[in-house]
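# A closer look at the structure
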Amino acid sequence: MKYRSVFDVIGPIMVGPSSSHTAGAAKIGRLARSIFGKQPDKVVLSLYGSFAGTYKGHATDVALIAGLLGYETDDPRLPQSAQYAKEAGMEVVLRTEEAIPEHPNTVRISMQVGAEVMEVVGISVGGGNVELCELNGFQLGLSGECPAILIINHDRYGIIARVTQILSEQHVNIGNMKVSRKEKGKMALMVIETDEMISGSIIDRIRQLEGVDRVLSMED
């Protein structure tokens, strides 16, 4: 990946010890919670590759939990996040997986509240930079550097045009847009990164469109 400044190489302000295994993990957890939109009641963390092999020494597990609690990478509560999660009523299940991932620093996060379940796959690419690469089986490719909305919709003609029309009418500038689907004519996912946060009223208009199943928002 390309680094924009020397600070991307040095890493973020953080509670250590590692920018990739600690700060990156906390950011993945925080972004996953942002998309889920609430604190989960139960979380299953499946660690792969280097995450699985070194998580104890690098505090990867507690960093992920801290992010899921909404903590920033420099939050002094990070080392005790497992205890804070217990006090908040968030059950955490940790698993180490033997499967070889495409990227060595990979975590699969399953979040649950009642019957609602969401699964996110994230990777830490170094210097505190991360990418969310999968949501419920759909490809993502989100860095979390920009605000974004994620629209789960039926794969039908005209839905993309209606969504972009609403954003154009409200003078929302689209920085990047990706569309993916698992199967033709079934469910699809629109990922739209914007220059600014999209207001709740605009999101509500998109939710009301025929064929739109769910709209999720991710803050930068």
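Notes on the structure follow. Residue positions are counted from 1 within each chain, in the order its sequence is given. Local features in this predicted model are restricted to residues of pLDDT 70 or higher, and side-chain atom pairs are both shown and tallied only at a pLDDT of 80 or more, whereas totals for entire chains, interfaces and linings draw on every residue. Side-chain metrics rest on all non-hydrogen atoms present in the structure, leaving aside hydrogens and water.

## Digging into the pairing of strand β1 (residues 42–48)
When you tally the buried positions in β1, you get 6 out of 7 residues, the bulk of the element. Here β1 runs beside strand β2 (residues 91–96); their pairing, made up of 6 bridges, is parallel. Following the sheet pairing, valine 44 is matched in β2 by valine 93. Accessible area is worked out with a 1.4 Å probe on protein chains only. A residue is then buried under 20% of its type maximum, exposed over 50%, and partly exposed in between. Here a strand is any run of E in DSSP of at least two residues, a helix any run of H or I of at least four, and the numbering for each starts at the N terminus. What makes two strands pair is DSSP finding at least two bridges between them.

## Description of the side chain of glutamate 134
Position of glutamate 134 relative to the elements: it lies in strand β5 (residues 129–135). At a separation of 3.3 Å, a polar atom in the side chain of glutamate 134 contacts the side chain of arginine 108. Under this definition, polar contacts are N or O atom pairs within 3.5 Å; protein pairs additionally need one hydrogen-donor-capable and one acceptor-capable atom, and for neighbouring residues in sequence, both atoms have to be side-chain atoms.

## Things to note about unusual backbone geometry
One non-glycine residue, alanine 59, lies in positive phi territory at about 60°. Inspection of the secondary structure assignment puts alanine 59 in the loop between α3 (49–58) and α4 (60–68). Although it is not a glycine, histidine 171 adopts a positive phi angle of roughly 60°. Positionally, histidine 171 belongs in the loop between α6 (159–169) and β8 (174–181).

## Here's the deal with the packing of α6 against helix α7 (residues 200–207)
Note on geometry: axes are C-alpha line fits, over the in-contact stretch for helices, and angles between N-to-C directions span 0 to 180 degrees. Two elements in contact, α6 and α7, have axes separated by 10 Å at closest approach and are oriented at 155°. Put simply, α6 runs roughly antiparallel to α7. Here α6 and α7 pass one another in a crossing that is right-handed. Of the residues in α7, those touching α6 at Val163, Ile166, Leu167 and Glu169 are Ile202, Arg205 and Ile206. Under the convention adopted here, Pro, Cys and the residues Ala, Val, Leu, Ile, Met, Phe, Trp and Tyr are nonpolar, Asp, Glu, Lys and Arg are charged, and Gly plus all remaining residues are polar. Tallied by class, the residues present in the contact of α6 with α7 amount to 5 nonpolar, no polar and 2 charged. Angle categories are assigned with fixed cut-offs, so that under 35 degrees is roughly parallel, over 145 is roughly antiparallel, 65 to 115 is roughly perpendicular, and the rest are oblique. A clockwise turn of the near helix away from the far one marks a right-handed crossing, whereas an anticlockwise turn of less than a right angle marks a left-handed crossing. In this description, contact between two residues means that some pair of their heavy atoms is separated by no more than 4.5 Å.

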